[in-house]
Amino acid sequence: MSFFQALRAFFREAAVNLARGWKVSLVAILTITVSLFVGGAFLLVSGNLLASVERWRGEMRIVVYLQPAMAEPVVRQLAAELGRGPGIAAVQVVSAEAARQRFQEAFPSLSDLVEGMGDEPLPPSLEIALADPARRTPELRAFLAGWRQRPEVSMVDDDREWLGQLETVVAVLRAVGLALGVGLLVAAVFTIGSVIRLTAYLHSDEISILRLVGATEFYIRGPFYAEGFLQGLIGGLLATGILWSGSAFLRFRSPDALLTQLFAAEFLTPGEAAALVGLGAAAGLFGAIASLRRERLTVTEEQAAE
Amino acid sequence: MIQFFQVTKRYPGGQTALDRVSFDIARGQFVFLTGASGAGKTSLLRLIFREDVPSEGQILVNGRNVSSIPPQKIPYLRRTIGVVFQDFRLIPRKTVFENVTYLPRILGTDLTSQKKLAYQALRRVGLAHRLNAFPLELSGGEQQRVAIARALINEPEILIADEPTGNLDPDLSWEILRLFLEVNLRGTTVLLATHDREMIQRVGRRVLTLDAGRLILDQELPGSDPPRLDLTPPEAFENDPAAARETAEEAAE
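Residues numbered from 1 in each chain as written. Chains lettered and ligands numbered in written order. Predicted model: local features only at pLDDT ≥ 70, side-chain atom pairs only at ≥ 80, totals over all residues.

A. How the structure looks around the overall build of chain B. A tally of regular secondary structure across chain B gives 10 helices and 10 strands. Put simply, chain B has 253 residues, and 44% of those count as buried. In chain B, the proportion of contacts linking residues at least 24 apart, taken out of those at least 6 apart, comes to 68%. (Helix = DSSP H or I, 4+ residues; strand = E, 2+ residues; numbered from the N terminus. Buried ≥ 20, exposed ≤ 12 C-beta atoms within 10 Å, placed from the backbone. Contact = placed C-beta atoms within 7 Å.)

B. A look at the overall build of chain A. A tally of helices and strands in chain A yields 11 helices and four strands. In chain A, buried positions account for 31% of the 306 residues.

C. Structural context of unusual backbone geometry. All names here are of chain B. Here asparagine 62, not a glycine, exhibits a phi torsion of approximately 55°, which is positive. Residue position: asparagine 62 is located in the loop between strand E4 (56-61) and strand E5 (64-65). By C-beta crowding, asparagine 62 is classed as partly exposed, having 15 other C-beta atoms within 10 Å. Residue glutamate 163 is not a glycine yet carries a positive backbone phi of 50°. Assignment of secondary structure puts glutamate 163 in the loop between strand E7 (158-162) and helix H7 (170-185).

D. Structural context of the sheet that holds strand E2 (residues 16-25) of chain B. Residues and elements named next belong to chain B. One open sheet holds the four strands; their spatial order is E2-E1-E4-E5, and the pairing between them is antiparallel. Among the strands making up the open sheet, the edge pair consists of E2 and E5. As judged from the two bridges shared by E4 and E5, these two strands associate in the antiparallel manner. Bridge assignment links leucine 60 to a residue of E5, and that residue is asparagine 65. (Pairing = 2+ DSSP bridges.)

E. Examining the interface of chain B and chain A more closely. With 14 residues of chain B at the contact, the number on the chain A side is 16 residues. Among the elements of the structure, helix H2 (74-78) and helix H4 (102-106) of chain B are those that each provide at least two residues to the side of chain B that touches chain A. With four residues, H4 of chain B is the single largest residue contributor to the side of chain B that touches chain A. When the residues that make up the side of chain B that touches chain A are grouped by side-chain class, the tally is eight nonpolar, one polar and five charged. (Nonpolar A, V, L, I, M, F, W, Y, C, P; charged D, E, K, R; others polar.)

F. Spatial organisation of helix H7 (residues 204-213) of chain A. Residues and elements named next belong to chain A. Counting buried positions over the 10 residues of H7 gives eight, a clear majority of the element. Listing the buried residues of H7 in full gives Glu206, Ile207, Ser208, Ile209, Leu210, Arg211, Leu212 and Val213. Two residues or fewer after H7 comes glycine 214, characterised by a positive phi angle close to 105°.

G. Up close: the pairing of E4 of chain B. Residues and elements named next belong to chain B. Direction of pairing for strand E1 (residues 2-10) relative to E4: antiparallel, over a ladder of five bridges. Opposite phenylalanine 5, over in E4, you have glutamine 58 as the bridge partner. Between the end of E4 and the start of E5, which pair antiparallel, lie two residues, with asparagine 62 showing a positive phi angle near 55°.

H. How the structure looks around the packing of helix H6 (residues 159-202) of chain A against helix H8 (residues 217-253) of chain A. Residues and elements named next belong to chain A. With their axes 10 Å apart at the nearest point, H6 and H8 run at an angle of 140° to one another. Crossing handedness for the pair H6 and H8: right-handed. Facing H6, whose interface residues are Ile192, Ile196, Thr199 and Ala200, H8 presents Phe224, Glu227, Gly228, Gln231 and Gly232. Here the contact of H6 with H8 is composed, by residue class, of four nonpolar, four polar and one charged. (Axes fitted to C-alpha atoms, helices over the stretch in contact; angles between N-to-C directions. Left-handed = near helix turned anticlockwise from the far one by under 90°.)

I. Seen up close, the sheet that holds strand E2 (residues 88-94) of chain A. All names here are of chain A. Spatial strand order, E2-E3-E1-E4: four strands in an open sheet with antiparallel pairing. A single partner strand is all that each edge strand has here, and the edge strands are E2 and strand E4 (153-158). If you compare each strand with its neighbour and ignore which way they point, the axes differ by 20° on average. Both strand E1 (residues 62-66) and strand E3 (residues 125-130) contribute to a ladder of four bridges, which runs antiparallel. Paired with tyrosine 65 across the two strands is serine 125, which belongs to E3. In this fold helix H5 (residues 138-148) packs onto E1 and E4, with an angle of close to 150° to the strand it touches most, E4.

J. View of the pairing of strand E6 (residues 81-85) of chain B. Residues and elements named next belong to chain B. Summarising burial for E6: five of the five residues are buried, a large majority. Sheet topology places E6 next to E7; five bridges connect them, and they run parallel. Opposite valine 83, over in E7, you have isoleucine 160 as the bridge partner.

K. Geometry of helix H6 (residues 140-152) of chain B. Residue and element names in this part refer to chain B. Along its 13 residues, H6 runs 18 Å from first to last C-alpha, staying within 8% of the 18 Å computed at 1.5 Å per residue. When you tally the buried positions in H6, you get 12 out of 13 residues, the bulk of the element. What H6 keeps buried is the set Gly141, Glu142, Gln143, Gln144, Arg145, Val146, Ala147, Ile148, Ala149, Arg150, Ala151 and Leu152. Contacts from the buried residues of H6 go to E6, helix H3 (96-100), H4, helix H5 (111-124), E7 and H7. (Expected span 1.5 Å × (residues − 1).)

L. Region of interest: the packing of H6 of chain A against helix H10 (residues 270-292) of chain A. Residue and element names in this part refer to chain A. Where H6 meets H10, the closest approach of the two axes is 8 Å, and the angle between their N-to-C directions is 55°. The angle between the axes of H6 and H10 places the two elements in the oblique class. H10 is crossed by H6, and the crossing has right-handed handedness. Contacts from Leu185, Ala188, Val189, Phe190, Ile192, Gly193, Ser194, Ile196, Arg197 and Ala200 of H6 reach H10 at Ala283, Gly284, Phe286, Gly287, Ala288, Ala290, Ser291 and Leu292. Its residues assigned to classes, the contact of H6 with H10 comprises 12 nonpolar, five polar and one charged. (Parallel < 35°, antiparallel > 145°, perpendicular 65-115°, else oblique.)

M. Layout of the nonpolar core. Formed by 76 residues in total, the largest nonpolar core has its most connected members in Leu33, Ile48, Val100, Ala118, Leu122, Ala149 and Ile160 of chain B. When residues in this core are grouped by element, the largest group, six residues, is from H6 of chain B. Counting residues in hydrophobic clusters, the runner-up holds 35 residues, among them Phe37, Val189, Ala226 and Ala288 of chain A. (Core = buried A, V, L, I, M, F, W, Y, C linked by C-beta atoms within 7 Å.)

N. Spatial organisation of the environment of glycine 193 of chain A. All names here are of chain A. Mapped onto the secondary structure, glycine 193 falls in helix H6. Exposure remark for glycine 193: the 21 C-beta atoms within 10 Å place this residue in the buried category. The spacing of glycine 193 and glycine 228 is 35 residues in sequence and 7.7 Å in space, taken between C-alpha atoms. Once you skip the residues sitting within four places of it in the chain, glycine 193 turns out to touch Gly287, Ala288, Ala290 and Ser291.

In short, the description is geometric, and any link to function would need to be established separately.
Take a look at the structure:
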């Protein structure tokens, strides 16, 4: 019997066993589905959050807010001075009037708040564009720290600071997801192993006949390995399918919601989805191999006679 | 064909199942192995198909020393030996066809050839018309005949039977014995363990007698074959071989 003939026979036998003992197999399949779903969900959420972080990183700026009612020549002089700082590509002056207009455009319903107050309510500011928006060199940090101390400056706002905190949160989220997923996957491997061992026990009469007529170990164990593989594969497919459905549902139901944008804007890449399914199959196969490693898979004469 | 040289088998508890047993069975012989319960018949048979290894001595089967065969080669030895047990050892959830075609499947035989082999083997035991049946739908004698068909499907060189008539009534026992004699006539070496002295006396042949693990007697008895039984398939099948083949194919499907 060729290797491929044997594989075909194993998977046929395994499929029959799965169908016949579906209740027991369902436990193993659901366990692996849950573990891969949890791991996959964390991967999906952290992936989307990271994508958001990346998007924001390209847009982030450093804004130096000046004291109110500052004369325009002074503002321009400060802008020129700021533009000579390390890593700074450009400085845009936003006057108090321009700041008010921006506010009114961004929040039309709140535009009354800044109308009729006499003096301009918002301070002028200097928006810094960096040569490399993602990097904060020590020289730049020291330069900005110096500006924070200057009397003309009321505040220096750096998007990078909160973005850095968000990145830390995402990293923690990913680590927790990974740990939880691995823990659940180990549990799933044990469950599949137990199910396979139980199946082998239930088929011990047939195994003894196979041994008697001259089946090799490979032929005897093959269907059980195939069964573990199939259980894991089905679990992986289910987990990926549920994740995809959930993600698609969120995008369909409320495409513009912040939660959708943050957590489900994009589904896993085809490679990640395939890896999730493959991980399930590999876990199932490993569970089957590990559970039968020390088993002789046969019955004694006394057991057979019972 | 089967040679035992001073074979001793001791179990871990200290019980001696076989004590310095020596004999030689030639190719094509029909040999009864007899003795009271616990005399060591089953232990001896288990050594031949390497279900167990001797504590001392050597066993040659077809010129191969079975005690020194590496584990991965044992299946190849067993493919040359058919084994039949008292309790039939059929798998109740499998059909007769599935039960008899284990070895062809292992060997990667295609389905068409499996059908042909199953049909031929079951025809020899008169059960070609029961391919689709499940073992529990068959009588004890029919189940044993299926077990024999399973042992015969690949034309083994040796057929070993451990009390094959132990669970059957006398009429069915004769029927089964007749089958073994017919198999032997085709050149297969048969070693049949039984404690049925009447059967042995009537049929004759060579008899090895064990007592408390020792071979106490190796004698050739005169006798006559039991009356031939009609094991041909039902008339409908005999008149219509195509119908029989269709039944075999349906069972295979």
